[in-house]
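# Fold and contact review
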Amino acid sequence: MQQQAVPAPLTDAAARPLMVEVRALDKVYAGKSGPVQALQGISFDVREHEFVALVGPSGCGKSTILKIIAGLLPKTDGELRVAGQPVTGPVDGVGMVFQAPVLLKWRTALDNVLFPIEILGRDRRQYIQAARALLRLVGLEGFEQAYPRELSGGMQQRVAIARALVHDPSLLLMDEPFGALDAMTREQMNLELLRIWSESQKTTILITHSIQEAVFLADRVVVMTPRPGRVATVIDIDLPRPRQPADRLSARFAAYVQEVGRHIGLDYA
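To keep things clear, this report deals only with the structure shown in the data block. Treat the numbers as computed from the prediction; the structure is a model and nothing was measured.

Our focus in this paragraph is the sheet that holds strand β7 (residues 171-175). Taken together, six strands build an open sheet; the order of strands is β6-β7-β8-β3-β9-β10 and the sheet is mixed. With one partner strand each, in any of the chains shown, β6 (94-97) and β10 (231-236) form the two edges of the open sheet. Here the average twist between neighbouring strands, direction ignored, is 15 degrees. Both strand β3 (residues 51-55) and strand β8 (residues 203-207) contribute to a ladder of four bridges, which runs parallel. Counted as the bridge partner of Leu54 is Ile207 from β8.

Have a look at this one:
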């Protein structure tokens, strides 16, 4: 395949305030045989309302970055700010979606969505309408009283997305949320995620092992190296929105996939 030139980005993102600032971030774990450098010198920014995808080989530290941004894991060195504030512990304004929905099987969809409100010690009654609205947003109106066993994998992940949004976070972190789904359901969830992101306007960071998924969803793709994880490059994705499945067949889309793959070490020729 002939390599296509990647078009220059056309975006107003530079005019938006920074939501996430990562500067020279290091993470070292204490291993049984000595220190293990998981991340080295990681630097990138995410602006308000932006959708950024992180891609890279397994074990390069993508999930570690998300946990550090959320304040669930301490950094070893470097600087990190969310909404202008240094991260020193769990960040209130963050919602997280994991690869597995991790729903409580004895709770209905509505009760699962409301679970973070209870954990945060807020008045559940004040959030019931918001939770119902979020279930409508993710396409689950009429399933409020359904239990996880009564929902498909894709539907369960929609509940997980609604749960991550119920406390109105400014930042949504998604760690390979569709990795366990079949290919057809994953394609449908990509479209649903774009719709939800467009309507909610939440700043979003997504981890994915799929280059095609990253290019299809994101405004920018942060490409990481093998461990110790470093930023190989950051690629602006200039594809028009709203995006459609047919966009994946365009020469421009193929050019971005080639460019991301080249920095990971894949050869599409």
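Position of Asn190 among the secondary structure elements: in helix α5 (residues 183-200). A distance of 2.9 Å separates a polar atom in the side chain of Asn190 from a polar atom in the side chain of Glu213.

Another point: the sheet that holds strand β5 (residues 85-86). With respect to topology, four strands assemble into an open sheet ordered β2-β1-β4-β5, the strand pairing being antiparallel. Two strands bound the open sheet, and with one partner strand each, they are β2 (34-47) and β5. Bridge count for strand β1 (residues 18-31) against β2 is 10 bridges, and the pairing is antiparallel. Within the sheet, the bridge partner assigned to Tyr29 lies in β2 and is Val36. Where helix α1 (residues 62-69) meets the sheet, it contacts β1, β2 and β4 (77-82), and its direction lies at approximately 65 degrees from that of β2.

Another point: α5. Between its first and last C-alpha atoms α5 spans 25 Å; for 18 residues at 1.5 Å apiece the expected length is 26 Å, and the two agree. All of the buried residues along α5 are Thr185, Arg186, Met189, Asn190, Glu192, Leu193, Leu194, Ile196 and Trp197. Buried residues in α5 make contact with β3, α3 (128-137), α4 (153-165), β7, β8 and α6 (211-217). Near the N-terminus of α5, the side chain that reaches the backbone nitrogen of Met184, with its oxygen 3.2 Å away, is that of Asp182. Positive phi shows up at Gln201, right after α5, with a value of about 60 degrees.

Turning our eyes to something else, we now look at the pairing of β10. Where strand β9 (residues 220-224) and β10 come together, five bridges link them in antiparallel fashion. Bridging across to β10, Val222 finds its partner in Val234. In textbook terms, the turn of a hairpin is the stretch between consecutive antiparallel strands, and for β9 and β10 this stretch comprises six residues.

We now examine helix α7 (residues 251-264). Spanning 14 residues, α7 covers 20 Å between terminal C-alpha atoms, matching the ideal 20 Å at 1.5 Å per step. Positioned one or two residues after α7, Gly265 has a phi angle of 105 degrees, which is positive.

This paragraph deals with the pattern of salt bridges. Two side chains carrying opposite charge are able to pair once their charged atoms lie near each other. Counted under the stated rule, the structure contains 16 salt bridges. The closest approach of N and O atoms between Arg23 and Asp45, which form a salt bridge, is 2.6 Å. Placement of the pair is Arg23 in strand β1 and Asp45 in strand β2, with a sequence separation of 22 residues. Residue Glu118 pairs with Arg124 through a salt bridge whose shortest N-O separation is 3.0 Å. Relative accessible area serves as the criterion here: at 28%, Arg124 is assigned to the partly exposed category. Taken together, the salt bridges that share partners define one network made up of Arg107, Asp111, Glu118 and Arg124.

Each value, and the rule that gives it
Residues numbered from 1 in each chain as written. Predicted model: local features only at pLDDT ≥ 70, side-chain atom pairs only at ≥ 80, totals over all residues. Heavy atoms only, no water. Pairing = 2+ DSSP bridges. Helix = DSSP H or I, 4+ residues; strand = E, 2+ residues; numbered from the N terminus. Axes fitted to C-alpha atoms, helices over the stretch in contact; angles between N-to-C directions. Polar contact = N/O pair within 3.5 Å; in protein donor to acceptor, adjacent residues only side chain to side chain. Contact = heavy atoms within 4.5 Å. Expected span 1.5 Å × (residues − 1). Buried < 20%, exposed > 50% of the residue type's maximum accessible area, 1.4 Å probe, protein only. Salt bridge = Lys/Arg side-chain N within 4 Å of Asp/Glu carboxyl O.

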